[in-house]
Amino acid sequence: MKNIIVAFFVGFLVSCGTANKAEAQSEIKVAEAFYQGWIGGVRGGGGGINFNLKLKSELPKGVELKRIIFKGFEVPFTQQDALSYNAAIITGVNQERFEGDKKSTSTSPKNNIELKDNEAILVFSKNGKEYQQKITNVVEKPALEYPSARPKF
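Here is what the cut-offs are and how they apply
- Residues numbered from 1 in each chain as written.
- Predicted model: local features only at pLDDT ≥ 70, side-chain atom pairs only at ≥ 80, totals over all residues.
- Heavy atoms only, no water.
- Helix = DSSP H or I, 4+ residues; strand = E, 2+ residues; numbered from the N terminus.
- Polar contact = N/O pair within 3.5 Å; in protein donor to acceptor, adjacent residues only side chain to side chain.
- Contact = heavy atoms within 4.5 Å.
- Phe/Tyr/Trp six-rings, centres within 6.5 Å; stacked < 30°, edge-to-face > 60°.
- Buried < 20%, exposed > 50% of the residue type's maximum accessible area, 1.4 Å probe, protein only.
- Core = buried A, V, L, I, M, F, W, Y, C linked by side-chain atoms within 4.5 Å.
- Pairing = 2+ DSSP bridges.

**Overview of the side chain of Asn52**
Here Asn52 shows up in strand S2 (residues 47-55). Side-chain polar atoms of Asn52 contact the side chain of Asn86, separated by 2.8 Å. Excluding residues that lie within four positions of it along the chain, Asn52 makes contacts with Glu32, Ala33, Phe34, Tyr85 and Asn86.

**What to know about the packing of aromatic side chains**
Enumeration according to the criterion identifies five aromatic pairs in this entry. With 6.4 Å between their ring centres and 65° between their planes, Phe51 and Phe77 make a pair best called edge-to-face. Residue Phe51 is found in strand S2, and its partner Phe77 is found in the loop between strand S4 (73-76) and strand S5 (78-79); the two are separated by 26 residues along the sequence. This pair shows no difference in class: Phe51 is buried, exactly as Phe77 is.

**Some words on the nonpolar core**
Counting residues in each nonpolar core, the largest one holds 23 residues, and the members touching the most others are Phe51, Leu53, Leu65, Ile68, Phe70 and Phe77. Contributing elements (two or more residues each) for this core: strand S1 (30-39), S2, strand S3 (63-70), S4, strand S6 (84-90) and strand S7 (120-126). Apart from residues lying up to four places away in sequence, Leu65 is in contact with Ile28, Leu53, Leu59, Phe77, Tyr85, Leu122, Val123 and Phe124.

**Description of the pairing of strand S9 (residues 139-145)**
Taken across its seven residues, S9 has zero buried, putting it largely on the surface. Bridging between S1 and S9 involves five bridges; their strand directions are parallel. From the neighbouring strand, Phe34 faces S9, where its bridge partner is Val139.

Here is the structure:
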């Protein structure tokens, strides 16, 4: 009988801890997450990925969206409006060094977390404590290829 009571008590504690974790991770209700690669139209013009996030509702009080981890990079978000956020990832594509150029190519900060191509991790804080939430349905939109000059006719 004593073992049954102990097992029940331990099970109760475990389930309470799991419920709190799930509640914290479900804070951000994502309506849409998509990304779009881009490349500059001139040699050395750079390239990267624009990651866009649209929420179903405004973030609850005390919750702040911090960063996105996507395709091996970790970058901060910029809030566009109450429901839209953007993160600009610089990948190092099309960043050629020219003769005599002392600068190295620059990229966004790297992260070692391995994810599938359609997965990302949102890092957010709730009342000062950081949490992570995985998104598994990130959609790729056609890349933007900026022209270097208007076509000559």
